[in-house]
Every structure is written in structure tokens, then in C-alpha cells.
Amino acid sequence: MLRALSKYYDCLCRQKDSGLVPDGYSKVGVNYNLVLHSNGTIKEILPYTKAVLNGKKEKEVPRDEFFPFRNSVPGISAETIDHREKYLFGIEWDKKNEKLSATKNSLLAFEKCKEKNLSFLEGLSSPIIDAYKIFLQNWNPENELDNPFLTALGKKYGGAKFIVTSQEDPAAQRPLSREAQVKEKWENDWRNRPIPADAVLGQCSISGKYGQIARIHDNLTGISGGLATGVNIVCLKSSAFWSYGRRESYNSSVSQEIMEKYTKAFNYLTSVPAHKQMLDGMTLLFWAMTAESEKPYLQAFNTGAGFFSLPAEDPSEAERNERQSQEQALASVFSQLSQGKEADWKGFGIDQGTEFYILGVKPNSSRLAIKIFEHNSFGTIMDRIQQHHRDMQLSPADKQMPIWLISKALKSPIASKDPLPPDLSTKILQSILRGSPYPRFMLETAVRRAKTDQDDAAKKFYAVSRDRVRIIKACLTRMDLIKRSEFTMLNTQNTDGAYNCGRLFAVLEMIQQKALPGINTTIKDRFFSSACSTPYLVFPRLLKLSQSHFGKLDRGNAIFFDQIVQEIVSNLGDSFPKAMNMEKQGMFILGYYQQKEKIFAKKSEGEKDNEPA
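An unreviewed UniProt entry lists the protein chain under the name Type I-C CRISPR-associated protein Cas8c/Csd1, from Caproicibacter fermentans.

Below, the structure is given as C-alpha cells:
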């Protein structure tokens, strides 16, 4: 997984539209623009935000800027071209007294910022560089507590982040951090930064190259439920994990270079909505291993997967329209896949041989647990996703069944103390992506709920619901107990005993309801569970009971139902099955539902035929 992420980082560096933070830089959300006169005094402080759509309303948010790499460490530590208010001005916001304050820490922070940045900018000259150096040399925090530009910010000053520009700068809004000389010097220093004297050298377990081994791995952010400061995948703080005289993450033997690559790639994925989805508390990240644009791959995956919801509305109307037009164009491809045909992806800039990765993670305290890691060619993954949707269909008209809907169908509205396994969604997703049988729990639960739950017409709840039958049919298909497309409609030629027992039960129930309209308790309420498990003991009694019901039917219904009963009994052979395992009980329920659906369909057709012209 770490190898895949580090390789993906290299792909991102070659992508033109990735928006990846360049090596040696950090992305910071900036609130204000500090504009300096050429003599280093403050000309003005301007808002540095942008408007984005938050639902239907616009919201002002900080603008992102690239600064020389920020290395978050405890204590007072200045950065090159510092953006923090305490370091830039040496002044803090006193929340208690609601005023600006120059504290011992803030004064020390300013002195460190001044020393570091004057040293870095030595020998460099431009309007903005000169203005900034004069500002640092002349600024006295203790004399600026009533500075009108700072006091005007009020409590917004606390935690504010700044860029620095100059009125003499021809570009007007080009900040110091983007000044050509500053970038050139910083990038040269970054490339030639010395290896610490106490660094541990060794062979990287990921790349195989010899180099500096990372002692501490950078935090991974953007994970739902994780710590605000971030979490780790590689974390060996406890001495119980140390061996061969190596401490902490030296035991993982991951080089500094690979560590920086995989953490940057991971944090990039969590920051881009198109690369990220939530599934039952698990954060899913996915990417295409390509140096070309990933947009068509992500669009196709998000649209075709069906078990995800699409990312939140884009802030741009143009982007929303582009996404909608792409979805419409992809419809033909998904139509081909739904019919089991080979799809043509080339027209969308997609190479179906491109490796596609799916990573599912869930935070556990300060660590990150890997729940799922799957990869295959993009074409194979999309074929398997569409195969899942086909397996879940009882008819071609059935819509996609998301994983959350599968979980909902397996729950009982009555038995709330019967929870689903917490890893069920993960196992279902793995089955989909691998094209393997679904978790057995799915079949067992769907059958058990269909047998034990009671119908509630007032709440429109039915124990043998279409969703549950679709789950049962899909599980039996993946277990190779029924052939694909064999049971997309009622199969009157099938001689399977369990399937025909289910069909027979549905017919006997309909006979009872026709003979005794409005009956409170039907044979389904009393005998469905036992008939599903031990038909040998139940059906003789039901057939005997049906004789009295036949006598109360009109001639047309009596002939119609008698023909169906005779046809089903002939398929059953000499006797009913004595006991049925879980798979056979699933077949029983499938036969029951499809026979009942067929009878209702015939009834509807008859009503249409009798409608006045």
C-alpha cells in the first residue's frame, strides 16, 4: 500500500491538473494580505478570501497559498516567510481581555522570525523583499499594540494567516512567498539540505534504495473520526515494537523520501472530494495510476459504482454542468456493461488497462486501521461492479442497490437488538471488487428476517420484500447454486424441490385469501417459517386445508389455481423435502416471491382487460 501511494505521488507530479503541493512546499489557507510601503511600514491589510458555494449561499473562505515547507514542531519555531500572526507581528490576541497583547512568547516568536528570515533573504533584493526586510528591522511589537490596522481586525486577528505584498510590486498581488528570487533560493536550499548527523541510514523496505530512514512519519489528515492533528499508519512509539536496537519507526525501515511521498499522496486524496467517499464510517480513497488526467476515471467510478453517493455540489456552475454532461455520455457505456457486453472506454479518455486502487481506512485512536486495499485494472473493476448490479437484479428494470440499502434490508424494524456486524459493508465491498461470493451472513440474515419478521401493511413493511429476495438471489448466484439470468423471472420448468415448495406455498396462500377475504391470520403468519425449514411435515396439512378453501372459490378461480397446483406438484415428484439447509431455504423464498409476483401480475393484466374502453 505504501509503495502504491509513493508511486501515485510520482504520477501526481506529472499530472498537469492535479493541484498537488510541490515538493518542499506546504499549502496554507490565508486570511489577509499585508501590503507594505517601500519603507517597510504598513499601507493596508486587505481580506484575502474567495467566495465558494455552501449549498445555495456563498461563503467566504481563506485562499490557498504555497509557502516554504512548514514543519510543525512543539514550542517556538519560526518558518521561512512566516505566515502566522504571532511570528510576523510579535503580538497575540488576548481572549480574556479582548485586546492585542505582546507576551514573552510572542516577542520571542518575532525575534526568531526576524533572525531566520533576514538570514534567508540576505543578498536578495526586489521591491517586496526590500520592504519586508525593512519591516522586520524596524518593527517593535511593544510599540504597535494600538496599531489601527491590527486593532481593526479585532478578534479575527487571533489565528489569522497573512501573505506579504508591496505597493511597489508591479504585479500588485504577487506575495513574497511567490517572489522568483525567494522561490529559487528556497528550492536550492531544499534540494541541498544536509542529512542530520544523527540520521539512521539503511535500505528502504519499500523502494529498496539505501538512504536516510524516517524516524517519525508525518500525520495523515482529512479522515472522518480521526484526531484533528492527524493520525498515523506507521507508528511504533511503544518499546514493545522495538527490535535489533532500533527505536520508534526505524523498525519499519521506510526511507525519508518514501515517507514524504506516501503521506503527501494520502493527504492529497483526502483533500479532493472526487477521490473520497464514506461507507458506513469508513473513509474510502481511490485513484488511477496514470500520468494523464484522472477526471474521466473518477467520474466513471463515482457514477457507475452505485453504492456511493456522488460528491457534494461543486462550487462552480460550469463544473456541475460538465459533470452532468459526462454522466449522460457515460450512460451508454454502463448500458453495455449492464448487458454483460464489453464497454468502449476510449472515447472518454480512459484506458481500461490502467491500474485502479481502492483504499478503505478507519481511525483507531491515533492510528489508522486499514480495512480494505484492492487494486486491479480499471476495466476489470468496472466489470465486477456492473456484475454485482446484475446479480442483484430480479428483472432488468431493477435499479442499482447500494450497500447502505443492502444493510437496511437486512435489519429488522422490530428486532433492534439484533445488530449487523460492523465490518459487513467492508466484506460486501470486497466481494464486489473481487467478484467472489458475498458474506454468508447476508444470506443467513436475509432468510432469517424473511421467516421471522411479521408484515405490517400500515407501515408498508413486508418480511419477504423485493430487496431481501434480490439479496438472496445474488448470494445463491455467487455460490453457483443458480445460473446467472436463470431466475430473473418465474421459472416454471425448474424441478428444484425447495423452489417449487416456495411456489406452492404462495399459491396456497392466495387460494386462502381468495376463499376468505379479509382474514386476519393467513397460513403465511402461521406456517411460513416451518414450511421453509421442514416442508415434509407442513405441506400435507396445508394441502388438506386448501381443499376446504377450493370449495369456496368461484369456478374460474378454482380451475386457475388447481392448474398451477398440479403443475407445481408434478415438478416436486413423489414427496416433499424433509429438511432444508440455508441455501435451500433461500430457494424456497425466491420461489415464493416470484410465484406471488406472477399471480399479482396476471391479476393486474386481467383488471386492465376488463377496464371499459
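There's more to say after this.
K.L.:
So what's going on with the sheet that holds strand β4 (residues 49-54)? Which residues, and what values?
P.N.:
One open sheet accounts for three strands, arranged β1-β5-β4; its pairing is antiparallel. Every interior strand has two partners, whereas the edge strands, β1 (25-30) and β4, have only one. Strand-to-strand, the axes of this sheet are offset by a mean angle of 40°, without reference to chain direction. One ladder, built from six bridges, connects β1 with strand β5 (residues 57-68); its direction is antiparallel. When the bridges of β5 are listed, Val30 appears paired with Arg63.

K.L.:
Before we move on, could you go through the confidence of the model for the protein chain and cite the residues and values that matter?
P.N.:
When pLDDT is averaged along the protein chain, the result is 85; 87% of the residues meet or exceed 70. Taken together, the stretch residues 309-315 has pLDDT below 50 and engages in 19 contacts with residues farther than four places along the chain or on a different chain. Low pLDDT, under 50, characterises residues 605-613; the stretch is placed with zero contacts to residues that sit more than four places away or in other chains.

K.L.:
Residue-level account of the environment of Ala4, with values.
P.N.:
Tracing the backbone through its elements, the reader meets Ala4 in helix α1 (residues 2-14). Sequence separation between Ala4 and Met289 is 285 residues, and the spatial gap between their C-alpha atoms is 8.6 Å. Not counting residues within four places of it along the chain, the set of residues in contact with Ala4 comprises Trp287, Met289, Tyr357 and Phe373.

K.L.:
I'd love a proper account of the environment of Lys183, names of residues and values included.
P.N.:
Relative to the assigned elements, Lys183 resides in helix α6 (residues 180-191). Given a relative accessible area of 33%, Lys183 falls into the partly exposed group. C-alpha separation for the pair Lys183 and Phe67, spaced 116 residues apart in sequence, amounts to 9.3 Å. Once residues within four sequence positions are removed from consideration, Lys183 is found in contact with Tyr25, Ser177 and Arg178.

Thresholds, definitions, all that
Residues numbered from 1 in each chain as written. Predicted model: local features only at pLDDT ≥ 70, side-chain atom pairs only at ≥ 80, totals over all residues. Heavy atoms only, no water. Pairing = 2+ DSSP bridges. Helix = DSSP H or I, 4+ residues; strand = E, 2+ residues; numbered from the N terminus. Axes fitted to C-alpha atoms, helices over the stretch in contact; angles between N-to-C directions. pLDDT = per-residue confidence, 0-100. Contact = heavy atoms within 4.5 Å. Buried < 20%, exposed > 50% of the residue type's maximum accessible area, 1.4 Å probe, protein only.

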